[in-house]
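# Tertiary structure, described
Residues per chain are reported as follows:
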Amino acid sequence: MASNLNTTTPVVAPLAHPQGSNLNFGATVTGVDIENLTDADFTTLRTALFTHQVLVIKSQSHVTPRAQYELTQRFDPLAAPLYGHGNDGNKASVASKSILHPDLKTIPHQPQVQVIGNGFVPSYEGLTNIQLRHPHHRTFHSTSIPDSHDLTHTRFYRWHIDAALYGGVARAPPVVTTLLAVKVPVGRRQTCVYDDGTGDELDVPLGTTAFVSGYNMYDILSDTQKAFARSTKVEYAPHPYVWMSSAKSRSTGLGLVSEGKEMPMEELPEIEQDKIQILPMCWRNPVTGKLALQIHPSAIRRLHLGDGSVVEDLEEVREIVYGLQRPGIAPDCVYAHDWEEGDLVIFHNRGTLHSVVGAFAESEVRLFRQCNIAGSEFPMGPEEDDFIIA
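Residues numbered from 1 in each chain as written. Predicted model: local features only at pLDDT ≥ 70, side-chain atom pairs only at ≥ 80, totals over all residues. Heavy atoms only, no water.

Another point: unusual backbone geometry. Phi is positive for Glu125, which is not a glycine, with a value near 50 degrees. Mapped onto the elements of the fold, Glu125 is located in the loop between strand 5 (113–124) and strand 6 (127–132). The class of Glu125 is partly exposed, set by a relative accessible area of 29%. One non-glycine residue, Asp195, lies in positive phi territory at about 50 degrees. Among the structural elements, Asp195 can be located in the loop between strand 9 (189–193) and strand 10 (201–205). Relative accessible area serves as the criterion here: at 43%, Asp195 is assigned to the partly exposed category. (Helix = DSSP H or I, 4+ residues; strand = E, 2+ residues; numbered from the N terminus. Buried < 20%, exposed > 50% of the residue type's maximum accessible area, 1.4 Å probe, protein only.)

Next comes the structure, spelled out in structure tokens:
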């Protein structure tokens, strides 16, 4: 009889980044069996995740949706089995208006796991005849790359945290997201352009997922900016993905342009005041204690300052947040993962921001599984000691 005992020991190795980059996060993990994960191996994974923020585990095509969900849930065992983006799935009228609605297909037998990607897939995990749509920047940005450059150039679609950002503590931001690459087009690279007058650009693999570290984003702030970030809280819009559904993004994908296109509050689904989320700008790492600048820039509505005042003007709010976050997405701060089929990536959703990148031809099929579940409690913010100036 074959033994189910895992006799290997996980090995965690920091990712090798290009010389001269400022990247200091990410690691590979080998010697781990996701389908038969021991408590000791999970402890290794957990420590590695909160230390390195992004973990890459190769050759995991065999991992089932159930095992993927169980792994994700293990990072927050008290969390309810609710999809982390909180797409109000029990309210079809709300879900259909969300900007997330067209991009997600739910696996029937494991509803916490979503199928995302590009192209036509005849059958997968109980889904049939599914047409996947890889988000394209021209549908969301206020400007776009010329059609003639569409297959050679691209943009960051939307820098974000996976989170509902509305729904009270029952919809707290997920601790982790897991992504499994099932089908990956290969052979092309693209130039990701910022188009913001800086000349910044980044060579990326086709269909990469781009990550930046919230810890680095905080660390490179000036002392004055750090003090501001530590003492400020962000109020997010109610039903944010419906609220922003007609608004457009900056060319960097880092927040929205202020054109007055947000859905008026009176036209949103019913708003319950106790479900509006007001979260710290800085979130504390549960293992290292470090602070990450963690803001979903597209969903912000107000800033609550340390002196008790509130910044109400939306354009001003966006400009303040953009000034804090933009240095942290500079090309030498971005890890663009080069996906291979079977890659399982676990990322710390409370310590990183990420973005879809890439423009596919219609015939290029990309199939991924994504899982995140709403957190059991809100992220920890700065502690009293963080406000003491050495």
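More follows now that the structure is in view.
With that out of the way, let us pick up the pattern of salt bridges. Pairing is possible between side chains of opposite charge, provided their charged atoms come close. Overall, the coordinates contain 20 salt bridges when judged by the stated rule. Lys58 serves as the salt-bridge partner of Asp343, at 3.1 Å between the closest nitrogen and oxygen. Highlighted residues: Asp343 in the loop between strand 18 (335–337) and strand 19 (344–348) and Lys58 in the loop between strand 3 (54–57) and helix 2 (65–74), separated in sequence by 285 residues. By relative accessible area, Asp343 is classed as buried at 0%. Glu259 is the partner of Lys261 in a salt bridge, and the nearest nitrogen-oxygen pair spans 3.5 Å. Take Glu259: its relative accessible area is 40%, and that puts it in the partly exposed class. Overlapping salt bridges, with partners in common, bring together Glu235, Arg301, Arg302 and Glu312 in one network. (Salt bridge = Lys/Arg side-chain N within 4 Å of Asp/Glu carboxyl O.)

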